[in-house]
Amino acid sequence: MIEFREVTKQFAGGPPVLNGITLAVPDGELVVLIGPSGSGKSTLMRLVNRLIEPTSGSVWVDGRNVADVNVVELRRNIGYVIQSVGLFPHLTVAQNVELVPSITGVPAAQRRRRAEDLLHLMGLEPAAYAERYPRQLSGGQQQRVGIARALAADPAYLLMDEPFSALDPITREALQEQFLQLKRELGQTILFVTHDVEEAVRLGDHICLLGDGVIQQFGPPDELLHRPANDFVASFMGDSRELLRLGLRTAADYMRPPDPAARGQVGLDWPADRALSALLGAGGAAMQVVAPSGEVVGSLRLSDFAGSSQAQQPAGEPGA
Amino acid sequence: MSRARPDPIVLLGAALGLAALALPWVNFRENRLVLGEGFPLLGLPAGWLLPALWLALGALAWSSWRSDARTAWLGAVLFAVTCAGVSGLLGGAASSLMLEATPLARVSPAGGFWLSVLALYVAGFGLSRWPGAARWSGLLGLLAFAAVPLLGWWQDLGLAQEYANIAGTFWPQLGLHLALSLTALLLALILGLPLGLAAARHERLSGTVLGVAGFLQTVPSVALFGLVLPVFSALGRDATLGSYVGWAGGALLLGTALWRLFGQKIAGLLGGLLALLGVQALLLLGGLALIGMLEGVWLGGRSFSPEALSLSAPLSAWGIRGIGAAPALLALTIYALLPVVTNTFVGLRSVPPALTDAARGLGMTGGQILRRAEWPIALPFIMEGIRAALVLTFGIATIAPLIGAGGLGFFIQRGVEGNVPDLVLLGALPIVLVALLLSGLVGWLGQRLTPPGLRPEAAAQGAELTEASPEVRSVS
Ligand SMILES: Nc1ncnc2c1ncn2[C@@H]1O[C@H](COP(=O)(O)OP(=O)(O)O)[C@@H](O)[C@H]1O
Ligand SMILES: [Mg+2]
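Everything numeric here is computed off the predicted structure, so don't read it as measured data. (Residues numbered from 1 in each chain as written. Chains lettered and ligands numbered in written order. Predicted model: local features only at pLDDT ≥ 70, side-chain atom pairs only at ≥ 80, totals over all residues. Heavy atoms only, no water.)

## What about the packing of aromatic side chains?
Then, number 1: A full pass over the atoms with the stated rule returns 13 aromatic pairs over all chains.
Then, number 2: Ring geometry for Phe 164 of chain A against Phe 179 of chain A: centres 6.0 Å apart, planes inclined by 75°, an arrangement best described as edge-to-face. Taken together, the positions of Phe 164 of chain A in the loop between strand E7 (157–161) and helix H8 (169–186) and Phe 179 of chain A in helix H8 put the pair 15 residues apart, joining distant regions of the chain. Both residues of the pair, Phe 164 of chain A and Phe 179 of chain A, belong to the buried class.
Then, number 3: Here the aromatic rings of Phe 145 of chain B and Trp 154 of chain B are separated by 6.1 Å at their centres, their planes lie at 90°, and the arrangement is edge-to-face.
Then, number 4: Using a relative accessible area of 15% as the deciding quantity, one classes Trp 154 of chain B as buried.
Then, number 5: Aromatic ring contacts, followed pair by pair, group Trp 25, Phe 113, Trp 114, Phe 145 and Trp 154 of chain B into a single cluster.
Then, number 6: Here Arg 5 of chain A stacks its cationic end above the ring of Trp 60 of chain A, 4.1 Å away from the centre of that ring.
Then, number 7: Lying across the ring of Trp 270 of chain A, Arg 274 of chain A places its NZ or CZ 3.8 Å from the centre. (Phe/Tyr/Trp six-rings, centres within 6.5 Å; stacked < 30°, edge-to-face > 60°. Helix = DSSP H or I, 4+ residues; strand = E, 2+ residues; numbered from the N terminus. Buried < 20%, exposed > 50% of the residue type's maximum accessible area, 1.4 Å probe, protein only. Lys NZ or Arg CZ within 6 Å of the ring centre and 35° of its normal.)

What follows is the structure, encoded as structure tokens:
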């Protein structure tokens, strides 16, 4: 668990950037820090691995005040990924991934195996990529290496500062997808910074919206979208936030019993926004909902979505 | 295989080579004192050989440019023969003119010869871009050119006669010249690398450090000699070895203590500077002792006496005097400082800030980042600085004999005073050649030390790979 207790940060000669932040990132969860540019997201994140020290208050990792932990030891247990990646240009991809293990004295064969496993996990075949140099890779490939490098020492925590922001939309979406899967497999506790609402909604178990040095709202994505705490949150989450909510659910959440008059089909496990799109395309007529087995399990019509303002648990979210 | 096209550069070389024939090839003088008379090559035996060679090379360059390996081979061989021809016809011209002259007469190369050398340089540059064996044209030509004097076929040239006069001192002076500039480079590195590092680390220091180094560079060398002269003069007279070593060692110890105590704070940095200056003072003394010893062994004269080791010995026994190697060494060190400091600074600044941030965040210490990232990335820049500093000190060391130090400038100075152009050449030519050689050597070393991932071809190769492999396109 990562905990911020009454953290305040003021840089010399400026107003406080963070003002009494108290926040907890539960074990195994991904919490997204979001907020306008300059709202202190990176500053808050860098307090965790002590790249920045707080003016007052304290940060706790694993129940220990980070100020009392040896800084090198602390950082080795916390993976760190940044937007501009920061690979070593003179080292090969494999050498970059092996960087920290090679310093801590992990035997060469063992760390090499680990690097190859990680590259494979990130979708970069070691046979083709291990011996390349960073400048021979695309931006998306570089960031995959950056994530593999952060995971090399098998840290319990990950800090990710806008890791996908510099990528083109298609690459970004592919990486987000892959990252979600990875997260489920590895189970790290993750603090993730972004300024992109869609990305936050897509990846976060919880979202923490920063503004004016304080937490404007903390909660599951659905809550920030559906029940913004104030105008700041409402305007930041955007006018299409009810549409974004649909991405958190599936057709199953909206369907009614089968209707013989229904024409066309949507999948039971389709995201709700995709199902809605199909309905709009079909001209508003009712459609059948089909389970992966091919069995018709329900039907769906446009008016079903109007009921979404009732509090419904998003599918697959842990007790929100 | 491209269609044959004329190579303009080699053609230009050949044209220059032919034009050179219109100028006097050598200058003949009855003795060292009278004015000479110019002789064109075509009036001399076998003189027609050179225009024939140039015409052949020109014809080759006209007919086929980079067309096939066989022509390239032919070009390289023809070029080497032309080089040997220019060199040999110089010696031959001297021999034929000296046949009927007294031993006091002197034959020197004249405008036609020098223009021919330029023509060779141009043609060699052009040929080195031809395929296959022609890439080695430059080296081949240089060897062919140098073979002639090495085989003794320049013996009747004034240059060779002057060399015979001073043969005993030529190589020692070259050695002293090298010792002086290399010691200065070493001193400049010991001071300049940490200064460059400090400037790169501390935004506020960078202006001061680069400014001071830049200012020192602009002080005219003779003025600098003049400024340090009285200081060394007084030091040599009044200070003893014991007091000098005591002060230098004290500065080293005090500076180190301050550095340990205050680290990156201003007091710590000043302490570091003090310690470096202490090291410099001690190394200066060691360098002077070495140079003095070499001078004694090679050129005779006073050699290093055991009494100099006594703590009460005056510093002058170690070569610290107003004139001599000491002021020269200090001035050369100061000149070498700027390229070393600026290139270290620029090299370290070329390290992307994101790299340092990520490395720190992953738990690397400052020392580990310096050793594993900043140093290898900055090294090609630093080598470039070393190259510039070496060429600079080697060149400026030419005037060291003005203040009583050794070096090849000694012959230039004597030649100018005695109106002996051949003697001036004997000093100047080796300086140019050795400077080029050193520059090439350090440049080659710098390329070897550039990590593969930072070499230009890595990027090109990457473009190819990305183009060729299908999985790259599918993932991103
Ligand atoms: N090292 C620093 N020194 C001074 N001011 C800083 C420093 N780092 C960040 N700031 C200031 O703190 C504020 C928040 O920065 P940051 O945390 O990077 O914002 P975000 O990541 O949300 O865009 C900005 O106004 C920035 O100028
Ligand atoms: Mg930021």
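## Section: the interface of chain A and chain B
Then, number 1: The interface of chain A with chain B comprises 34 residues on the first partner and 33 residues on the second.
Then, number 2: Approximately 2800 Å² of surface area, both sides summed, lies buried where chain A meets chain B, with 59% of it carried by carbon and sulfur atoms.
Then, number 3: Among the residues chain A hides against chain B, the three largest losses belong to His 90, Arg 135 and Gln 136 of chain A. Together they make up 22% of the total.
Then, number 4: Put simply, chain A and chain B have 1 salt bridge between them.
Then, number 5: In this structure, Arg 46 of chain A and Asp 357 of chain B form a salt bridge, with 2.9 Å as the shortest nitrogen-oxygen distance.
Then, number 6: Joining chain A to chain B, the criterion identifies 9 residue pairs in polar contact (both at pLDDT 80 or more).
Then, number 7: Of all the elements in the fold, those that place two or more residues in the side of chain A that touches chain B are helix H2 (71–76), strand E6 (78–82), helix H4 (99–104), helix H6 (126–129), helix H7 (139–151) and H8 of chain A.
Then, number 8: In terms of residue class, the side of chain A that touches chain B is made up of 17 nonpolar, 10 polar and 7 charged. (Contact = heavy atoms within 4.5 Å. Buried area = accessible area lost by both parts, 1.4 Å probe. Salt bridge = Lys/Arg side-chain N within 4 Å of Asp/Glu carboxyl O. Polar contact = N/O pair within 3.5 Å; in protein donor to acceptor, adjacent residues only side chain to side chain. Nonpolar A, V, L, I, M, F, W, Y, C, P; charged D, E, K, R; others polar.)

## Considering the site of ligand 1
Residue and element names in this part refer to chain A.
Then, number 1: Taken together, Phe 11, Val 17, Pro 36, Ser 37, Gly 38, Ser 39, Gly 40, Lys 41, Ser 42 and Thr 43 are the residues near ligand 1.
Then, number 2: Between an oxygen atom of ligand 1 and a main-chain N or O atom of Gly 40, the distance comes to 3.1 Å.
Then, number 3: The separation between an oxygen atom of ligand 1 and a polar side-chain atom of Ser 42 is 2.7 Å.
Then, number 4: Expressed as a share of its isolated accessible area of 560 Å², the protein-covered part of ligand 1 is 54%.
Then, number 5: Per-element accounting of the shell around ligand 1 gives the leading share, 3 residues, to helix H1 (residues 41–48). (Near = heavy atom within 4 Å. Areas by Shrake-Rupley, 256 points an atom, 1.4 Å probe, with all protein chains shown as cover.)

## Concerning the domain arrangement of chain B
Residues and elements named next belong to chain B.
Then, number 1: Assigned domains within chain B: domain 1 (8–156) and domain 2 (169–465).
Then, number 2: In this structure, domain 1 and domain 2 have C-alpha centres spaced 39 Å apart.
Then, number 3: The largest contributions to the domain 1 side of the interface with domain 2 come from Arg 29, Arg 32 and Trp 114, which together make up 61% of the buried area.
Then, number 4: No other element matches strand E3 (residues 106–109), which puts 4 residues into the side of domain 1 that touches domain 2. (Domains from an automatic or database assignment.)

## Details of the domain arrangement of chain A
Then, number 1: Domain annotation for chain A reports domain 1 (2–244) and domain 2 (249–311).
Then, number 2: Centre-to-centre separation of domain 1 of chain A and domain 2 of chain A, based on C-alpha positions: 36 Å.

## Considerations on the UniProt feature "domain: ABC transporter" (unreviewed entry) in chain A
Then, number 1: Mapped onto the present numbering, the UniProt feature "domain: ABC transporter" (unreviewed entry) falls at residues 2–237 of chain A.
Then, number 2: Secondary structure across residues 2–237 of chain A divides into 40% helix and 25% strand, with the first and last C-alpha atoms of the span separated by 25 Å. (UniProt positions renumbered as here; feature names shortened; annotations may be inferred.)

## Observations regarding helix H6 (residues 158–201) of chain B
Then, number 1: An ideal rise of 1.5 Å per residue puts 64 Å on 44 residues; H6 of chain B reaches only 56 Å between its terminal C-alpha atoms.
Then, number 2: A maximum bend of about 85° is found in H6 of chain B at Ile 166 of chain B. (Expected span 1.5 Å × (residues − 1). Bend = angle between axes of the 7 residues up to and from the residue.)

## A word on the packing of helix H3 (residues 69–98) of chain B against helix H5 (residues 137–150) of chain B
Residues and elements named next belong to chain B.
Then, number 1: Taken N-terminus to C-terminus, the directions of H3 and H5 make an angle of 30°; their axes are 8 Å apart at the nearest point. By the criterion of interaxial angle, the relationship of H3 to H5 is roughly parallel. Here H3 and H5 pass one another in a crossing that is right-handed. Contacts from Ala 76, Phe 79, Ala 80, Cys 83, Ala 84, Val 86, Ser 87 and Gly 88 of H3 reach H5 at Ser 137, Leu 140, Gly 141, Ala 144, Phe 145, Val 148 and Pro 149.
Then, number 2: Each residue belonging to the contact of H3 with H5 can be placed in one class, and the counts come to 11 nonpolar, 4 polar and no charged. (Axes fitted to C-alpha atoms, helices over the stretch in contact; angles between N-to-C directions. Parallel < 35°, antiparallel > 145°, perpendicular 65-115°, else oblique. Left-handed = near helix turned anticlockwise from the far one by under 90°.)

## Focus: the nonpolar core
Then, number 1: Counting residues in each nonpolar core, the largest one holds 79 residues, and the members touching the most others are Trp 25, Val 26, Leu 50, Trp 54, Val 107 and Trp 130 of chain B.
Then, number 2: No other element matches H3 of chain B, which puts 12 residues into this core.
Then, number 3: A domain-level breakdown of this core finds at least three residues from each of domain 1 (8–156) and domain 2 (169–465) of chain B.
Then, number 4: Judged by nonpolar contacts, the second largest core, of 45 residues, contains Ala 94, Met 160, Phe 164 and Leu 182 of chain A. (Core = buried A, V, L, I, M, F, W, Y, C linked by side-chain atoms within 4.5 Å.)

## A look at the environment of Gly 38 of chain A
Then, number 1: Looking at the secondary structure, you find Gly 38 of chain A in the loop between strand E3 (30–34) and H1.
Then, number 2: Along the primary structure Gly 38 of chain A and Leu 210 of chain A are separated by 172 residues, whereas in three dimensions their C-alpha atoms are 9.9 Å apart.

## What to know about the sheet that holds strand E10 (residues 214–219) of chain A
Residues and elements named next belong to chain A.
Then, number 1: Read from one edge of the open sheet, 6 strands run E6-E7-E8-E3-E9-E10, paired in mixed fashion. The open sheet terminates on both sides in strands that have one partner only, identified here as E6 and E10. Pairwise comparison of adjacent strand axes, ignoring direction, gives a mean angle of 15° for this sheet.
Then, number 2: Those strands touched by H7 are E6 and E7, and its axis lies near 165° from that of E6.
Then, number 3: Of the strands in this sheet, E3, E7 and strand E8 (189–193) touch H8, which is tilted by about 155° from E8. (Pairing = 2+ DSSP bridges.)

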